[in-house]
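Reading the structure
If you want the building blocks of each chain, they are given just below.
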Number of protein chains: 2
Amino acid sequence: MLADIRIVMVNTTHSGNIGAAARAMKNMGLAQLTLVDPIACIDDEAIQRASRADEILHNAVIVDTLEEAIADCHWVVGTSARSRHIPWPLLTPRQCAAKAAAIAPQGNRIAVVFGRESRGLTNEELHLCHAHVHIPTDENFSSLNVAQAIQLISYEMRLAALALATPGDDATGTMDQPWGVEWDHPLASHGDVNGMMLHLEQTLLDIGFLDPNTPKQLMSRLRRLFQRAALDTTEVNILRGILATVQRQHTQGVVSDSTQAPNGDEQHDQTTA
Amino acid sequence: MLADIRIVMVNTTHSGNIGAAARAMKNMGLAQLTLVDPIACIDDEAIQRASRADEILHNAVIVDTLEEAIADCHWVVGTSARSRHIPWPLLTPRQCAAKAAAIAPQGNRIAVVFGRESRGLTNEELHLCHAHVHIPTDENFSSLNVAQAIQLISYEMRLAALALATPGDDATGTMDQPWGVEWDHPLASHGDVNGMMLHLEQTLLDIGFLDPNTPKQLMSRLRRLFQRAALDTTEVNILRGILATVQRQHTQGVVSDSTQAPNGDEQHDQTTA
């Protein structure tokens, strides 16, 4: 399970934090580190703080966007210090680890995303996640160092992995399957779901339901809905099939309209009257 | 309870670790720091790493011996990376926090003792403790940074304190909300979701995606998807709005087709007949 968990750090400013994160990960048996557009580089400070976990630094994957970092992941959790304007499924670190333990054995890749030292993740980044995890800090001093946050999440992941290895130990209350039962199709990857969401957005634009000039809450709400359902591959295929059918029919309708009816809707009313 | 817990650092070498420890403590609501014969002093590095937890540094008590640091405490736990030659009561961090939560309300003072960066606590120091706590690190890389260890223990203490404050909550986080967070709209009733599902089914029939002669697995899969997402009322309204738009456009397309193309396909002719 621990090998399937990717730690993603976004726009990290201090190289020491990257090093400390690598050490924290290795202490808990994690190994996959992805840096999204890092501001700090892997310098002497990073290597010194990593102690003997520098191989995690050397193997770290560096990408330009969060999308790239999580494209092949099946479940993505973003760390969030505070509640946002649209509520999103929220887990404690322990619940997050229990969920990871439930889905990792089926070959699902998991990412936990950590934001900037100064201001965490943006709403847009948080909306790419299936769920958010909040570390229960003191209300009056909630700004946790990013490497410390990675330490805590990695610790809970390790405990959940240990509980998986010794069934019967219910300390973390693990569910044995993502939905409490053996599922019939594999979970869709983030990239698959994202492709479906783009398809949905285009379809809603086509049929005039989504006005591109209004705020993005409509798409955020739909994204939240489908992400929290944790779609499987068959469901993504069904939804895309529906969207393709709607688009095809819409295009035919538009073409019919323009070739047939210069005076538009009036004629429809007359015809059906 | 958290006010009764003292963090004791023995012979700390790096001032940055003292600062990071202060921040970790304050994040979790702890405040009492005692330094036993520190090698590092509270310098700029310590204050910088403490972020805004520097009042813990200013209030830190500095003593010469571990004996002095724990003299007035009722329960003392020492952190131990490895088993020692004489077995000692050993707890996990979670068990340690549960024990602290059990005894703190009776006015007992608790100390958790952390050793040197290089080699932890001596056997003699460990033997001053009532029990030992072991953080379950990877066997091949068990050397945890001392501030990270303080973060983990403080986190478990905080969870235990929160569980104390809300009896009945099992420290894995409240689940009294469908998604672990206060939601912005009420959950939809079964009737609302059912109405949406019938609307979806009719729309899929209208656009020809659902063939009424095939088995019903398509609708079952869609129902499973939307039901496990536990839709809220706004989501139901959005989905029904999309469906109504698709139906309206489809009807217009069909009408256009039939009025424009007398040799169009049979089904359209029948529909408008």
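Here the structure is a predicted model, which means the values were calculated and not measured.

**Re the overall build of chain A**
If you tally the helices and strands in chain A, you get 11 helices and 7 strands. Taking as baseline every contact in chain A between residues at least 6 positions apart, the subset at least 24 positions apart corresponds to 85%. Accessible surface for chain A amounts to roughly 11,200 Å². Of this, 50% is attributable to carbon and sulfur atoms.

**Focus on the environment of Thr92 of chain B**
Residue and element names in this part refer to chain B. With respect to the helices and strands, Thr92 occurs in the loop between β5 (90–91) and α5 (93–103). Taking C-alpha positions, Thr92 is 7.6 Å from Pro136, a pair spaced 44 residues apart along the chain. Setting aside its immediate chain neighbours within four residues, Thr92 contacts Val133 and His134.

**Here we look at the domain arrangement of chain A**
Residue and element names in this part refer to chain A. Domain annotation of chain A identifies domain 1 (2–165) and domain 2 (190–272). Taken residue by residue, the interface counts 15 residues in domain 1 and 9 residues in domain 2. Between domain 1 and domain 2 lies a buried interface of about 1,100 Å² when both sides are counted; carbon and sulfur atoms form 57% of it. Remark: the boundary between domain 1 and domain 2 carries 0 salt bridges. Taken together, the links from domain 1 to domain 2 amount to 7 residue pairs in polar contact (both at pLDDT 80 or more).

**Some remarks on the sheet that holds strand β2 (residues 32–36) of chain B**
Residues and elements named next belong to chain B. Strand order in the open sheet formed by 7 strands is β3-β2-β1-β6-β4-β7-β5, with parallel pairing between adjacent strands. Taken across any chain shown, the strands that pair with only one partner, and hence form the sheet edges, are β3 (61–63) and β5. Alignment of strand β1 (residues 5–10) against strand β6 (residues 110–114), held across 5 bridges, turns out to be parallel. Of the residues in β6, the one forming a bridge with Ile7 is Val112. In the packing of helix α7 (residues 146–165) onto the sheet, the strands contacted are β1, β6 and β7 (131–133), and the crossing angle to β6 comes to about 155 degrees.

Procedures and definitions
- Residues numbered from 1 in each chain as written.
- Chains lettered and ligands numbered in written order.
- Predicted model: local features only at pLDDT ≥ 70, side-chain atom pairs only at ≥ 80, totals over all residues.
- Heavy atoms only, no water.
- Helix = DSSP H or I, 4+ residues; strand = E, 2+ residues; numbered from the N terminus.
- Contact = heavy atoms within 4.5 Å.
- Areas by Shrake-Rupley, 256 points an atom, 1.4 Å probe, with all protein chains shown as cover.
- Domains from an automatic or database assignment.
- Buried area = accessible area lost by both parts, 1.4 Å probe.
- Salt bridge = Lys/Arg side-chain N within 4 Å of Asp/Glu carboxyl O.
- Polar contact = N/O pair within 3.5 Å; in protein donor to acceptor, adjacent residues only side chain to side chain.
- Pairing = 2+ DSSP bridges.
- Axes fitted to C-alpha atoms, helices over the stretch in contact; angles between N-to-C directions.

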